[in-house]
Protein chains: 4
Amino acid sequence: MMKSRTAIQVRYAETDAMGIAHHSNYPVWFEVARVAMMDGLGFPYLELEKQGYRLPVIALHLQYFRPCSFADNINVEAFVTERPRVRIRIDYKVFRDDILLASGYSEHAFTNAQGQIVKPHPAFIKALENALIIV
Amino acid sequence: MMKSRTAIQVRYAETDAMGIAHHSNYPVWFEVARVAMMDGLGFPYLELEKQGYRLPVIALHLQYFRPCSFADNINVEAFVTERPRVRIRIDYKVFRDDILLASGYSEHAFTNAQGQIVKPHPAFIKALENALIIV
Amino acid sequence: MMKSRTAIQVRYAETDAMGIAHHSNYPVWFEVARVAMMDGLGFPYLELEKQGYRLPVIALHLQYFRPCSFADNINVEAFVTERPRVRIRIDYKVFRDDILLASGYSEHAFTNAQGQIVKPHPAFIKALENALIIV
Amino acid sequence: MMKSRTAIQVRYAETDAMGIAHHSNYPVWFEVARVAMMDGLGFPYLELEKQGYRLPVIALHLQYFRPCSFADNINVEAFVTERPRVRIRIDYKVFRDDILLASGYSEHAFTNAQGQIVKPHPAFIKALENALIIV
């Protein structure tokens, strides 16, 4: 598992008065893809939560190249391009067919359930390192 | 305090490809108005939560008469028309100026933080009874 | 095609501070299921839109029996139980495995792109009539 | 009008299972603040839309320093720090009292209603230049 690919169909509720998907949905789709990537790595987010970890977003960057619209079938790729440290970074690309619609990344800290910074989960970090690709 | 009235401006993110506010925002606006009503009654929802109570929605009904659009200034009224029992019911009306855009109600159960049904909070029930109006 | 069944995984963004999916997501999930049902009937909503029709929600009713949480795999059924007239009604049931989590219905009017009431799309009404089931 | 400041109360629907406002709400709050800033500049977004312009988001950057929770009263500042060109950039800071919770910026292109790139609205650009501050 080096790159996770999640199929999403744009919901009507996600469109806006411009007739396109509102830009605030992309962070939600990134999250859906991130969760799928973690499933693929054998570290479901839910499992990490049960072990007392949280992975709050501490930074987010998005570039929007082309819009998408209601009922469009898009694919969101999530992948790792940077060696995880105290903070981990996940990268994303959103495609409709072969057209790149958007790209971006999220950065996360490891915290406990009370929101305090904790040491990263060693086995999860190892899994991320193994999934590291240079795109 | 018999009827709470909350001013909301329609956000661009709340519009959809029809150019109007998507119908799924009205339950969110109802909630904003319900929270304001509870503030007005002297029982902020946050305070009830701290006391270990939750008020999950167990039923919701909405009627949509006229749409509203981006930047519209609407008012959401929340009020009580029914004597609260095990379940409590809050009614809502959404206006733009004097035009009724939508109406509806929500029903709630009292639960603890684990989601188990508990006896209603006596003082809050009393406050709701005092706020009871027939519209 | 008598009953449409759509698989949805609860997104983290759909959860709330009670740790469950917020009640305002169910109308969005109903819509996803309604869109899938219309695809199944051979009348994709997008196609109706291109023909100049809109199907705004004019009423919505929901009952919530049990909560669902992040990463839960739910199924949303959409089906017709009432002969469509000027307004059409779609019914919904939300399941996790065999457990009924919520049910409800939406009512819709036929309008043109300007939001004016128009006569129903005859072939779509016929397709809905054929899909009519009594549950 | 050099810096716009918009008060927002965190909605329950905006919280997530971590008990904090989900990170995908911040772009929505940025937009609310951007709309208020444009009102303050005398160029309401709605007015620009009526004149045939759109200002889609083409890039977005966010940094999250501290979380906020249900019912928190936050202030979102929107301001211009960069001379507007073909693309314009708006900066944001989110505060609760004096505590900086998040910061970021959005970049926008000028398009027509069909989404095609057009020359910037000259008077609006002039207003942005006048509002330019270095923070």
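Calculation criteria
- Residues numbered from 1 in each chain as written.
- Chains lettered and ligands numbered in written order.
- Predicted model: local features only at pLDDT ≥ 70, side-chain atom pairs only at ≥ 80, totals over all residues.
- Heavy atoms only, no water.
- Least-squares fit on C-alpha atoms with pLDDT ≥ 70 in both.
- Contact = heavy atoms within 4.5 Å.
- Axes fitted to C-alpha atoms, helices over the stretch in contact; angles between N-to-C directions.
- Helix = DSSP H or I, 4+ residues; strand = E, 2+ residues; numbered from the N terminus.
- Parallel < 35°, antiparallel > 145°, perpendicular 65-115°, else oblique.
- Nonpolar A, V, L, I, M, F, W, Y, C, P; charged D, E, K, R; others polar.
- Pairing = 2+ DSSP bridges.
- Buried area = accessible area lost by both parts, 1.4 Å probe.
- Salt bridge = Lys/Arg side-chain N within 4 Å of Asp/Glu carboxyl O.
- Polar contact = N/O pair within 3.5 Å; in protein donor to acceptor, adjacent residues only side chain to side chain.
- Phe/Tyr/Trp six-rings, centres within 6.5 Å; stacked < 30°, edge-to-face > 60°.
- Buried < 20%, exposed > 50% of the residue type's maximum accessible area, 1.4 Å probe, protein only.
- Lys NZ or Arg CZ within 6 Å of the ring centre and 35° of its normal.
- Core = buried A, V, L, I, M, F, W, Y, C linked by side-chain atoms within 4.5 Å.

S.K.: Which parts of the structure should I look at to understand the relation of the copies chain D and chain A?
M.R.: Put simply, the second copy of the chain is the first one after a rotation about an axis and a shift along it. Laying chain D over chain A is done by rotating through 180° and shifting 0.0 Å along the axis; what remains is an RMSD of 0.0 Å. Viewed as a symmetry operation, the transformation between the two copies matches a two-fold axis. Considering only C-alpha atoms, the part of chain D nearest the rotation axis is H61 of chain D, at 2.2 Å.

S.K.: Which parts of the structure should I look at to understand the relation of the copies chain B and chain C?
M.R.: Take chain B, turn it by 180°, move it 0.0 Å along the axis, and it overlays chain C with an RMSD of 0.0 Å. Mapped onto chain C, 100% of the interface residues of chain B again fall at the interface, so both copies present the same surface.

S.K.: For this particular structure, what's the right way to read the packing of helix α1 (residues 25-41) of chain A against helix α3 (residues 122-130) of chain A?
M.R.: Geometrically, a packed helix pair is captured by the angle between its two axes and the distance between the axes. All names here are of chain A. Their axes nearest at 10 Å, the elements α1 and α3 cross at an angle of 100°. Compared by their axis directions, α1 and α3 come out roughly perpendicular. Where α1 approaches α3, its residues M37, M38 and L41 are matched on the opposing element by F124, A127 and L128. Here the contact of α1 with α3 is composed, by residue class, of six nonpolar, no polar and no charged.

S.K.: Just to check I follow, could you spell out the sheet that holds strand β4 (residues 87-96) of chain B for this structure?
M.R.: Within a sheet, each strand pairs with its neighbour through backbone hydrogen bonds, oriented either parallel or antiparallel. Across the sheet, 10 strands lie side by side as β1(B)-β3(B)-β4(B)-β5(B)-β2(B)-β2(C)-β5(C)-β4(C)-β3(C)-β1(C); this open sheet has antiparallel pairing. Of all strands in the sheet, those bounded by a partner on one side alone are β1 (3-9) of chain B together with β1 (3-9) of chain C. Strand-to-strand twist in this sheet, taken as the mean axis angle between neighbours without regard to direction, amounts to 20°. Pairing of β1 of chain B with strand β3 (residues 73-79) of chain B involves seven bridges; the strand directions are antiparallel. Among the inter-strand pairings, A7 of chain B is bridged to a residue of β3 of chain B, identified as N75 of chain B.

S.K.: Help me out: how do you make sense of the sheet that holds strand β6 (residues 99-109) of chain A in this one?
M.R.: With antiparallel pairing, the 10 strands of this open sheet are ordered in space as β1(A)-β4(A)-β5(A)-β6(A)-β3(A)-β2(D)-β5(D)-β4(D)-β3(D)-β1(D). A strand with exactly one partner marks an edge of an open sheet, and here the two such strands are β1 (4-9) of chain A together with β1 (3-9) of chain D. Geometrically, the sheet is characterised by an average inter-axis angle of 20° between neighbouring strands, direction not taken into account.

S.K.: Can you walk me through the interface of chain D and chain A in this structure?
M.R.: Interface size is commonly expressed as the accessible area that is lost once the parts come together. Between chain D and chain A, the contact holds 21 residues from the first and 21 residues from the second. Where chain D abuts chain A, roughly 1800 Å² becomes buried across the two surfaces, and 61% of that area is made up of carbon and sulfur atoms. Interface area lost by chain D to chain A is led by M18, H23 and L60 of chain D, which between them contribute 29%. For the pair chain D and chain A, the number of links is zero salt bridges. Counting across the chain D and chain A interface gives nine residue pairs in polar contact (both at pLDDT 80 or more).

S.K.: It is not clear to me how the packing of aromatic side chains should be interpreted in this structure. Could you clarify?
M.R.: A ring pair, where both rings are aromatic, is described by two values, the distance of the centres and the angle of the planes. Overall, the coordinates contain 36 aromatic pairs over all chains when judged by the stated rule. Aromatic pair Y26 of chain C and W29 of chain C: ring centres 4.7 Å apart, planes at 55°, arrangement tilted. With Y26 of chain C and W29 of chain C both in helix α1 (residues 25-40), this residue pair falls three residues apart, about one helical turn. Per residue, the accessibility class of Y26 of chain C equals that of W29 of chain C, and both read buried. Here a set of aromatic residues connected by ring pairs shows up, and it is made of F43, Y53, F110 and F124 of chain A. Stacked on the ring of Y105 of chain B, the Lys or Arg R89 of chain B has its end atom at 3.8 Å from the ring centre. If you follow K3 of chain D out to its NZ or CZ, it ends over the ring of F79 of chain D, 5.4 Å from the centre.

S.K.: What should I look at first to understand the pairing of strand β5 (residues 99-109) of chain C in this one?
M.R.: A regular strand places its side chains so that they alternate between the two faces of the sheet. Residues and elements named next belong to chain C. Here β5 lies mainly inside the structure; nine of its 11 residues are buried. With seven bridges connecting them, strand β2 (residues 57-64) and β5 associate as antiparallel partners. The partner of L62 across the bridge, within β5, is G104. In this sheet, β5 lies alongside strand β4 (residues 87-96) in antiparallel orientation, the contact comprising 10 bridges. Bridging across to β5, I88 finds its partner in H108. A loop of two residues connects β4 with β5, the two strands running antiparallel in sequence, and D97 in this loop sits at a positive phi of about 55°.

S.K.: Can you walk me through unusual backbone geometry in this structure?
M.R.: Most peptide bonds take the trans form, and the phi angle of most residues other than glycine is negative. For D97 of chain C, which is not glycine, the phi torsion reads 55° and is therefore positive. Residue placement: D97 of chain C occurs in the loop between β4 and β5.

S.K.: What exactly am I supposed to notice about the nonpolar core here?
M.R.: Soluble globular proteins: nonpolar side chains tend toward being buried together. Formed by 82 residues in total, the largest nonpolar core has its most connected members in W29, I74 and F124 of chain B together with W29, I74 and F124 of chain C. For this core, the leading source of residues is helix α1 (residues 25-41) of chain B, giving nine residues. Here I74 of chain B is in contact with T6, A7, I8, V10, W29, C68, V94, F95, R96 and L101 of chain B, once residues within four sequence places are set aside. A21 and A78 of chain A together with V35 and Y53 of chain D belong to the second-largest nonpolar core, a separate cluster that totals 79 residues.

S.K.: Would you explain the interface of chain B and chain C in this entry?
M.R.: Taken together, the 20 residues of chain B in the interface contact 20 residues of chain C. Together chain B and chain C conceal approximately 1800 Å² of surface at their shared face, both sides included; 61% is due to carbon and sulfur atoms. Interface area lost by chain B to chain C is led by M18, H23 and L60 of chain B, which between them contribute 29%. The interface formed by chain B and chain C includes zero salt bridges. If you look at where chain B meets chain C, you find nine residue pairs in polar contact (both at pLDDT 80 or more). At the level of elements, α1 and β2 (57-64) of chain B are the ones that each hand at least two residues to the side of chain B that touches chain C. For the side of chain B that touches chain C, the leading source of residues is β2 of chain B, giving eight residues. A per-class count over the side of chain B that touches chain C returns 12 nonpolar, five polar and three charged. As paired strands, β2 of chain B and β2 of chain C are joined by five bridges and run antiparallel to one another. From the neighbouring strand, A59 of chain B faces β2 of chain C, where its bridge partner is Q63 of chain C.

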